[in-house]
Amino acid sequence: MKKNIEQHYPNGKLMSTVPSKNGVRHGQMQLYYENGKLKYEGEFLNDKQEGLWKLYYENGDIHRENIFKNHIKISEKEFYEGKKIKHEGKYDEINQDKIGKWCFYFENGKLEKEQIFNKNFSESLKEWDKDGDLTSEEKQTKLDTKNNIKYGIKKTYFKNGDL
């Protein structure tokens, strides 16, 4: 049997709605701000998040996009108000560790940091200033978690590009 599950704010305005099938969430869910604007939306399949989920700022701009597979977040993209990207990256489907390239941006849209992860271990990191000049690079070869020590090479650059 299909029906919509709704929640309301104390003032009676709609807070959220999601279709259900046989008592479990199944279909497009929407969550609203108290002013009635859309806050969050995404798809449930048999009570599990699936596909693209979007979170919005109260002004309607996109805040975050997450992709889920069988209720597990596999990617994330976050935005500044005004729609410029803040960061993006992927997660391992099994243990939710950060994997692959993660990019972080300044509000002006320029790249701030690029980090390569392997099972939450940061293998490399590059950082830039707001003008787009490279400020540092590091490559990590080993992590001693017992003593919290990272092994590798770090280079820091002067504004003129010298090491």
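A. Highlighting the pairing of strand β9 (residues 85-91). Two elements, strand β8 (residues 72-79) and β9, share 5 bridges in a ladder whose sense is antiparallel. Looking at β9, one finds that E76 is bridged to G89. Counting the residues in the hairpin turn of β8 and β9 gives 5 residues, including G82, whose phi is positive at 105°. Both β9 and strand β10 (residues 98-105) contribute to a ladder of 4 bridges, which runs antiparallel. Directly across from K90, in β10, lies its bridge partner I99. In sequence, β9 turns back onto β10 through a hairpin of 6 residues, with Q96 there showing a positive phi of about 65°.

B. Examining unusual backbone geometry more closely. Even without glycine at this site, N22 takes up a positive phi of about 55°. By the element assignment, N22 lies in the loop between β2 (14-21) and β3 (24-25). The class of N22 is exposed, set by a relative accessible area of 61%. The backbone of N46 shows a phi angle near 50°, a positive value even though the residue is not glycine. For N46, the position within the fold is in the loop between β5 (38-45) and β6 (48-56). Exposure remark for N46: the relative accessible area of 53% places this residue in the exposed category.

C. Broad picture of the layout of surface pockets. In this structure, the largest pocket occupies an estimated 170 Å³ of space. For the largest pocket, the full set of lining residues is E114, I116, S124, L125, K126, E137, E138, K139, I153 and K155. Of all the elements in the fold, those that place two or more residues in the lining of the largest pocket are β11 (111-118), β12 (121-128), β13 (134-144) and β14 (149-156). Considered class by class, the residues forming the lining of the largest pocket number 3 nonpolar, 1 polar and 6 charged.

Each value, and the rule that gives it
- Residues numbered from 1 in each chain as written.
- Predicted model: local features only at pLDDT ≥ 70, side-chain atom pairs only at ≥ 80, totals over all residues.
- Heavy atoms only, no water.
- Pairing = 2+ DSSP bridges.
- Helix = DSSP H or I, 4+ residues; strand = E, 2+ residues; numbered from the N terminus.
- Buried < 20%, exposed > 50% of the residue type's maximum accessible area, 1.4 Å probe, protein only.
- 1 Å grid on protein atoms, 1.4 Å probe; cavity = no way out; pocket = protein on both sides within 12 Å on 5 of 7 lines; lining within 4 Å.
- Points joined across faces, edges and corners; volume = space filled by probe spheres on them.
- Nonpolar A, V, L, I, M, F, W, Y, C, P; charged D, E, K, R; others polar.

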